[in-house]
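Now for the letters of each chain:
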Amino acid sequence: MSAPGSLTASDNAASSDAARFDAVVVGAGPAGSAAALVLARRGHRVCLLERGPYPGSKNMYGGVVYPRILDELLPGWWEEAPVQRWVTRRATMMLTADQALTVDFRSEAWGQPPYNGATALRPDFDAWLAAKAVDAGALLVTSTTATGLLRDGPGGTVGGVTTDRPGGDLRARVVVACDGVNSFLAKEAGLYGKPDPANYTLGAKEVLALPAATIEDRFALGPGQGADFEIIGCTGDIAGGGFLYTNRDSLAVGVVLHLPALAAAGVRPEQLIAGLKAHPAVAPLVAGGELVEYSAHLIPEGGYDMMPTLTGPGMLVAGDAAAMCLAAGIWLEGVNFAIGSGMAAGESAAEALERGDVSEGGLSGYERRLRDGFVLQDHRRLRHAPHLLLSDRVQRRYPQLACDIVEDLFTVTNPEPKPGIGRLVRRRVASSGVRLRHLAADSWRALRTFG
Amino acid sequence: MIPASAPVPVSFEDRMATVDFRVAADAHITVDGDACRGCSTRACVTACPANLFVPMADGGILFNYEQCFECGTCYLVCDTAGAITWRYPEGGHGVAFRRS
Amino acid sequence: MTVPAAPGPAPAAAPGPVLACRQWADRRADVDPLTGTVTSDPRSAAASPADDAALECALRMATAWGTHVVAVTVGPPGSEAVLREALAAGAERAVRVDAPEPGDAASVAAAIAGVAGMVGARAVLCGDMGWGRGSGAVPALVAAVLDARQALGLVDLATDPEQPGVVTGWRRLDGGRRQHLRAAAPFVASVEGGVALLRRAPLAGVLGAGQATIEVVAPAGTCPVPSWTPSSTGPGRPRTHVVDGPDPDDPVRRRVELLTGLTAERPARRVVRAEPVDAAHQLIAALADWGEWS
């Protein structure tokens, strides 16, 4: 019997025409599929490489996507996108051990075209978007991991990727790295400095099955409508936050944890989820849900200041690989930034291919597009938000203070007369240990960051 | 009596059994035991969401790779240079989310 | 123990292509314990390790004999995924027998045998077990339809380039024994998952398999052996016997005898020689006599 896996000469000659592309897009997530879709539509030969058995199999997020970025690329996307529920209710909860202060907003407009946010499962959503790229002519290759860059062009220009298959060199004139938060390709290309754990958070979540009617009752939703709860003050000593989203017949409940704090705390992520689920304000919402999938993923939360160099010779970086995830407290968005940056990368790569110049200069349209659009404008404006939001005061002191003030406000202390609100606030601030100058400084920073 | 609304307790094994892992023949994580013996923080042990790292009596770390979420937390929280080497598992293998 | 599958292997003859059978089934199908409803997700569907081992054996066999591999599956369009894997790994041709719903072992066997006839394959390789937790009867039924020799449940399989069409292998027997088998084409062999690790498909194979044509044929042919259908798919319920206690007025000795059955008359021991079907009937009749079968 012949030896297994022995290679013949023809196996090694994979740099035949079949393995030569105009562009290789690494990662069939939202960024990669958007880039491949744009490139394929412009008539380029594109290989969309995915290491999972199907697009979305390696991907996990909290649960809400804002797909309006697709209006131009896929008009009428809402007719066919695999959406779980349209978010018509957004709430921000501040929790202490036994208090909860919730700001709760609903809009019927968000439940109608063109919609706003939607809950979706990534294995569904990503596979749908990848199928659009395939329909446009991209070649999707799954179960294949890119292991490195081929840098044999003039001046170290990237000329493709190596993969973990025998004879696995994929040649391309341009490589779009959409290989996710750990982006080994961007690191190999030297586009990142040394990774700093302070720039990352860990998201861990449980998907809990519940009947659709129960979800609609508990969250006061109409059929097909969804709720999005962002939660702070639920992660103990660890900076971060929590979330609770409604899918069609399941809930997504989880926590986001700042890595350095998680490392120092010695607490396990699933214990924090259990704590959140047991909080009196959350427990009735998730009661009886049966765990159907547990998952975890890193989030590049550092924003603008952690972004790598976005362009190298023959190479572009997009999506989480370029740290395009926006984690700015009230705004938690990622998929739309991934799609936006992927589209920009696709357009710029197509332009460079058409001009025959894939050097760093030839690809510079990418960064320009991002700076002219929402991707880098939002990120630059909110560049200080991650730092502010992960600070101890915002994480712990302010939720406690807010809850205490509101509790005092609504506690009827007869026969004592009601105190003045100003006095009440001053008293609570004084006893909270928060200094007024810190409060003022944080307010000023918040105003500068979000204003 | 447990009230009907009490959360159903789930063991860690049952928790991980909800996830589809297609285990590759080769480990995609390697841990340098010698480097770990000098480590006092051992952040990987509690931070790993899949609980893959187990402290040993001799100061080393026993690691599993079969139920890895491929998140990258371990190598980022590790402050001993070169102790944890981490790459992606062979294509088609590893975690395959279905409902996240 | 060496048992040549009678008659002895034929001298080297052109074995034709090697047919590798692959089943596409959900590895993690949910079965509702109350209703028995099966919910499956095509994304977690794949060929079983045994089917992968069979494909690897088929590829090595084809290399040794200077022939090629044809991959076959019986299933809906989604099942073409397992055929593309086979094409990527080195199979030359892939045939899907269109079957929107999972069929019973006999219909699957008839369909596979039909494809073996269509492509002229005289060597058929299957995994011995699928994800679907089925009866495992398909390989034997394929052999019955093709009137081919069987080498089933192999834990080791070898081919010799000097003897195309001849396969040798080991199978497990009860009590720690083993059996060495040797079969010449036409044969059907099934292998356990540990027999071989499917090679990693080369990149060129994967790129080509994405667009390769997969032949789709309608199920044809019948299986002469009816497939076994379970009479009940409910949970097993051990029966209880109601045993009346002895009369409390009896003497102690009598009561002990009654409770232990020490002196009770036992059914006579019978040794029976019979054809299998007749033997089964006699066994059932005896069990009914003893009150163990109703």
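Quantities reported herein were computed from a predicted structural model and do not represent experimental measurements.

> What exactly am I supposed to notice about the interface of chain B and chain A here?
It is common to give the size of an interface as the accessible area that goes away when the parts come together. The partner chain A presents 48 residues to the 39 residues of chain B that form the contact. Taken over both partners, the interface formed by chain B and chain A buries close to 3,700 Å², and the fraction arising from carbon and sulfur atoms is 55%. Linking chain B to chain A there are four salt bridges. A salt bridge links A:Glu293 to B:Arg98; its shortest N-O distance comes to 3.9 Å. Our count for the contact surface shared by chain B and chain A stands at 25 residue pairs in polar contact (both at pLDDT 80 or more). Elements with a minimum of two residues in the side of chain B that touches chain A: helix H1 (12-17), helix H3 (43-47), helix H4 (73-77) and strand E6 (94-96) of chain B. Considering only residue class, the side of chain B that touches chain A consists of 21 nonpolar, eleven polar and seven charged.

> Help me understand the domain arrangement of chain C, please; the structure alone is not making it clear to me.
With domains assigned, chain C is organised as domain 1 (2-217) and domain 2 (239-294). Between domain 1 of chain C and domain 2 of chain C, the C-alpha centre-to-centre distance is 46 Å.

> I keep staring at a nonpolar patch on the surface and nothing clicks. Help me out?
All names here are of chain A. Among the surface-exposed residues, Leu409, Phe410 and Ile421 lie close enough to one another that they form a single nonpolar patch of about 330 Å² accessible area. For Phe410, the location among the structural elements is in helix H14 (residues 392-410). Classification of Phe410 by relative accessible area gives exposed; the value is 65%.

> Mind showing me how you'd approach the domain arrangement of chain A here?
Residue and element names in this part refer to chain A. Assigned domains of chain A: these are domain 1 (9-60 + 120-193 + 308-381), domain 2 (85-119 + 195-304) and domain 3 (391-450). Domain 1 and domain 2 are separated by 30 Å when their C-alpha centres are compared. The partner domain 2 presents 19 residues to the 19 residues of domain 1 that form the contact. Its largest share of buried area at the contact with domain 2, domain 1 owes to Met60, Ala120 and Val181, together 37% of the area lost on that side. Counting the contacts that link domain 1 with domain 2 gives zero salt bridges. Across the domain 1-domain 2 interface, the total number found is two residue pairs in polar contact (both at pLDDT 80 or more).

> Just checking my understanding: could you explain the nonpolar core for this structure?
Soluble, globular proteins show a tendency: their nonpolar side chains are buried together. Counting 205 residues, the largest nonpolar core has A:Val161, A:Leu170, B:Phe53 and B:Phe69 as its most contacted members. Take this core: its biggest share by element is eleven residues, from helix H10 (residues 335-355) of chain A. Residues contacting B:Phe53, with those up to four places away along its chain left out, are B:Ile29, B:Val31, B:Cys44, B:Val45, B:Cys48, B:Ile61, B:Leu62, B:Phe63, B:Cys74 and B:Ile84. Counting residues in hydrophobic clusters, the runner-up holds 27 residues, among them C:Val70, C:Val119, C:Val124 and C:Leu141.

> Just checking my understanding: could you explain the interface of chain A and chain C for this structure?
The interface is formed by 23 residues belonging to chain A together with 15 residues belonging to chain C. Of the roughly 1,700 Å² buried between chain A and chain C on both sides combined, carbon and sulfur atoms contribute 63%. At the junction of chain A and chain C, the tally comes to two salt bridges. Here C:Arg43 ties to A:Asp124 by a salt bridge, and the two come within 2.5 Å at their closest N and O atoms. Across the contact surface, chain A and chain C share five residue pairs in polar contact (both at pLDDT 80 or more). Elements represented by at least two residues in the side of chain A that touches chain C include exactly helix H4 (122-135), strand E7 (139-141) and strand E10 (169-177) of chain A. Tallied by class, residues from the side of chain A that touches chain C come to eleven nonpolar, seven polar and five charged.

> Got a minute to help me understand empty space enclosed by the protein in this structure?
Rolled over the atoms, a probe as big as a water molecule pinpoints where empty space is left. Residue and element names in this part refer to chain B. Evaluated as defined, the whole model comprises four cavities of 30 Å³ or more. Here the largest cavity is characterised by a volume of approximately 110 Å³. Lining the largest cavity are 14 residues, with Cys39, Arg42, Ala43, Cys44 and Cys78 sitting closest to its centre. Partitioning the lining of the largest cavity into residue classes produces ten nonpolar, two polar and two charged.

> What is the right way to read the pairing of strand E2 (residues 18-21) of chain C from this model?
Within a regular beta strand, the side chains point alternately toward one face of the sheet and then the other, so they alternate between its two faces. Residue and element names in this part refer to chain C. Here E2 shows a buried face lined by Val18 and Ala20 and a second buried face lined by Leu19 and Cys21. For E2 and strand E7 (residues 69-75), the ladder comprises four bridges, and the chain directions are parallel. From the neighbouring strand, Ala20 faces E7, where its bridge partner is Ala71. Summarising the sheet, E2 and strand E9 (residues 123-127) pair through three bridges and their orientation is parallel. Directly across from Leu19, in E9, lies its bridge partner Val124.

What counts and how
- Residues numbered from 1 in each chain as written.
- Chains lettered and ligands numbered in written order.
- Predicted model: local features only at pLDDT ≥ 70, side-chain atom pairs only at ≥ 80, totals over all residues.
- Heavy atoms only, no water.
- Contact = heavy atoms within 4.5 Å.
- Buried area = accessible area lost by both parts, 1.4 Å probe.
- Salt bridge = Lys/Arg side-chain N within 4 Å of Asp/Glu carboxyl O.
- Polar contact = N/O pair within 3.5 Å; in protein donor to acceptor, adjacent residues only side chain to side chain.
- Helix = DSSP H or I, 4+ residues; strand = E, 2+ residues; numbered from the N terminus.
- Nonpolar A, V, L, I, M, F, W, Y, C, P; charged D, E, K, R; others polar.
- Domains from an automatic or database assignment.
- Patch = residues over 30% accessible without salt bridge, like charges linked within 9 Å, V, L, I, M, F, W, Y side chains within 5 Å.
- Areas by Shrake-Rupley, 256 points an atom, 1.4 Å probe, with all protein chains shown as cover.
- Buried < 20%, exposed > 50% of the residue type's maximum accessible area, 1.4 Å probe, protein only.
- Core = buried A, V, L, I, M, F, W, Y, C linked by side-chain atoms within 4.5 Å.
- 1 Å grid on protein atoms, 1.4 Å probe; cavity = no way out; pocket = protein on both sides within 12 Å on 5 of 7 lines; lining within 4 Å.
- Points joined across faces, edges and corners; volume = space filled by probe spheres on them.
- Pairing = 2+ DSSP bridges.

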